[in-house]
Amino acid sequence: MSETPPPGSSRRDFLTGRAIRSEIEWVGEQITDELLGEMSRAAPQAGPTVRLGTRAMATEFVAILNPGPAERFLDVSAAMEILPELELEMTVYRAEGELARANRAAASSPVAVSPRLFDVLELSMRLAEETGGACDPTSGPLIALWKACRNAQGIPDAAQLAETLAATGIDKVALARDARTLHFRTPGVQMNLGGIGKGFALDRVAERLKVSETNDWLLHGGKSSLLASGQHAGREGWPVGIRHPLFPNRRLGTILLRDRGMSTSGSGAQFFRHEGKRYGHILDPRTGMPAEGVLSVTVLAPTAAVADALSTGFFVMGLEKTREYCDNHQEVTVLLTPPPTAGSILKVHAFNLPEQTLYLSSENELIEETE
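Residues numbered from 1 in each chain as written. Predicted model: local features only at pLDDT ≥ 70, side-chain atom pairs only at ≥ 80, totals over all residues. Heavy atoms only, no water.

Take the overall build of the protein chain next. Counting secondary structure elements, the protein chain contains 11 helices and 17 strands. Looking at the protein chain residue by residue over its 371 residues, the buried ones come to 52%. Counting every atom, the protein chain has about 17,200 Å² of accessible surface; 50% of that belongs to carbon and sulfur. (Helix = DSSP H or I, 4+ residues; strand = E, 2+ residues; numbered from the N terminus. Buried < 20%, exposed > 50% of the residue type's maximum accessible area, 1.4 Å probe, protein only. Areas by Shrake-Rupley, 256 points an atom, 1.4 Å probe, with all protein chains shown as cover.)

Right, let's talk about the packing of helix H10 (residues 304-317) against helix H11 (residues 319-328) for a bit. One can describe the packing of H10 onto H11 by two numbers: an axis separation of 6 Å at closest approach and a directional angle of 135°. Classed by the angle they form, the pair H10 and H11 counts as oblique. Together, Leu310, Phe314 and Met317 of H10 and Leu319, Lys321, Thr322 and Tyr325 of H11 make up the contact between the two elements. Its residues assigned to classes, the contact of H10 with H11 comprises five nonpolar, one polar and one charged. (Axes fitted to C-alpha atoms, helices over the stretch in contact; angles between N-to-C directions. Parallel < 35°, antiparallel > 145°, perpendicular 65-115°, else oblique. Contact = heavy atoms within 4.5 Å. Nonpolar A, V, L, I, M, F, W, Y, C, P; charged D, E, K, R; others polar.)

In this model helix H9 (residues 197-211) runs 22 Å from its N-terminal to its C-terminal C-alpha over 15 residues, within 8% of the 21 Å that 1.5 Å per residue would give. Residues of H9 that are buried: Gly197, Gly199, Phe200, Ala201, Leu202, Asp203, Arg204, Val205, Ala206 and Leu209. Among the residues trailing H9, Glu213 stands out with phi positive, at a value near 60°. (Expected span 1.5 Å × (residues − 1).)

Within the structure shown, the criterion is met by 13 salt bridges. Among the salt bridges present, the one from Arg116 reaches Glu85, with a minimum N-O distance of 3.4 Å. You can see Arg116 sitting in helix H6 (residues 115-130) and its partner Glu85 sitting in helix H4 (residues 83-90), a full 31 residues away along the chain. A residue is classified by how much of its surface remains accessible, and Glu85, at 39% relative accessible area, is partly exposed. Note that Arg258 is salt-bridged to Asp259, the shortest N-O span being 3.3 Å. By relative accessible area, Arg258 is classed as partly exposed at 30%. Salt bridges sharing common partners tie together Glu85, Glu89 and Arg116. (Salt bridge = Lys/Arg side-chain N within 4 Å of Asp/Glu carboxyl O.)

Another point: H10. When the terminal C-alpha atoms of H10 are compared, their 20 Å separation across 14 residues agrees well with the 20 Å that a helix rising 1.5 Å per residue should span. Burial analysis of H10 places 13 of its 14 residues in the buried class, which makes it a mostly covered element. Trailing H10 by a residue or two, Gly318 shows a phi angle of about 85°, which is positive.

This next bit is on the nonpolar core. Counting 66 residues, the largest nonpolar core has Leu127, Leu182, Val299, Phe314 and Val334 as the members making the most contacts within it. At 10 residues, the largest contribution of residues to this core is made by H10. Dropping the residues within four chain positions of it, Val299 is found in contact with Gly261, Met262, Ser263, Ala307, Leu310, Ser311, Phe314, Val332, Thr333 and Val334. Grouped together as the second largest cluster of nonpolar side chains are 18 residues, Val62, Leu300, Val348 and Ala350 included. (Core = buried A, V, L, I, M, F, W, Y, C linked by side-chain atoms within 4.5 Å.)

Here three strands make up an open sheet; going across it, the order is S4-S6-S5 and the pairing antiparallel. Two strands close off the open sheet at either side, each with one partner strand: strand S4 (111-112) and strand S5 (173-176). Here S5 pairs with strand S6 (residues 181-184) via four bridges, running antiparallel. Counterpart to Leu175 in the pairing with S6 is Leu182. Contacting S4 and S6, helix H5 (residues 98-105) crosses the sheet at an angle of about 45° to S6. (Pairing = 2+ DSSP bridges.)

So this is what it looks like as C-alpha cells:
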C-alpha cells in the first residue's frame, strides 16, 4: 500500500485527513513517530470552557461555552429549562406523558397532540420512510421484547418475534397534519421517540439560544447526541472526539463541528452473548433481530434530530444503502465502519465529508484515500 498523498493534496492534508473523500484505511505498524507527531499537532485542541448541565430524559444534558459575560450563561440556563417540558411530551415511561397517553388511546380513535409533539412524530415518520424502515419509531415493543428476553438470559423465539412485528411498522400509523392527530391502524402499536428525542430536544434548546442571540456553544445529550454553533479556541468549530469502534479507550479522530448536529451509533459497548453468539443492542425493525454488518456510524446533519435518527438508520441499513442515501442527500455527512474481514484492515467509509472537518488521532497510523 502506497504512502504517497493523493493527487491534488498536500502531504499535510493527506496526513491530517483533510483530503478524505470516500474511504479511509488505517494500516498497522507502517508509520514513524515523526509522522504520528505531525498528525497529532494538526488535530484541533479544546480551549478553556464553561459547562452548564441538567438531567432530563434519563441522561445528562450539557452546554459547553467559551468563557465570557455572565449574561450568556443565564441565557443558556434559561434555554435549557425547556428540557423537562420536552421530556413530559415525548416520554413513554411516565403514565402522564403526552405520548404515553396518546399510545394508550390512538388505536381506538385519532388522538390530537400538541404541535411540538406532532412535529417530532412527523419527522420520525419521514426519516423512517426515507430509510426504508431502518429507523422506525414503532420499534419500541421490539426493544422491550429483547430487553425482557435478555433479562431472562435468552433471546426471543420465532413466535414472539412474529407477534411483535405484527404491531410494528410505520404503515400502521396515520398522522393528520391539519387536525394534528395520531391514529394507529392496528392494535398494539406504540410510538417511541428514543431514537430521535434527545436530538430533537437539543434543536429546541438551540432555537431558544438563537432568539437570545447566544452564539458559540456545544450542546450534548448523553454525549452521543450533539449540536454545535459558532467558534471555539480560534477554530471554525468545536473539536469533538470520535471513539475507536474496536478500542473504546482510544480515539479514532476528531471532527470539527460547527452549525450542525452529530450522532454516533455503535455496537462496541452495548451487547450480550447467548449460547456463544454476540448480539448487539441496535435492532433492525424490519426483521426484529439485532443489526449486523456495521461496527459504528457517525452522522453529521443540519439538525441534531436528523443526525440522531440517521445514525441508527444507517447502522441498520449497512454500507451500500447508506452510500445510496448520501448520494441523494448531500447535506448529510457519514463515517461508517464495517467490521474487518479475516486478514483485512479496518476501513472507514466517508460520505459527503467536507474538507478540513476530520483530523486523525495520533493513536492511529496512516490513511490512504481510495477513489
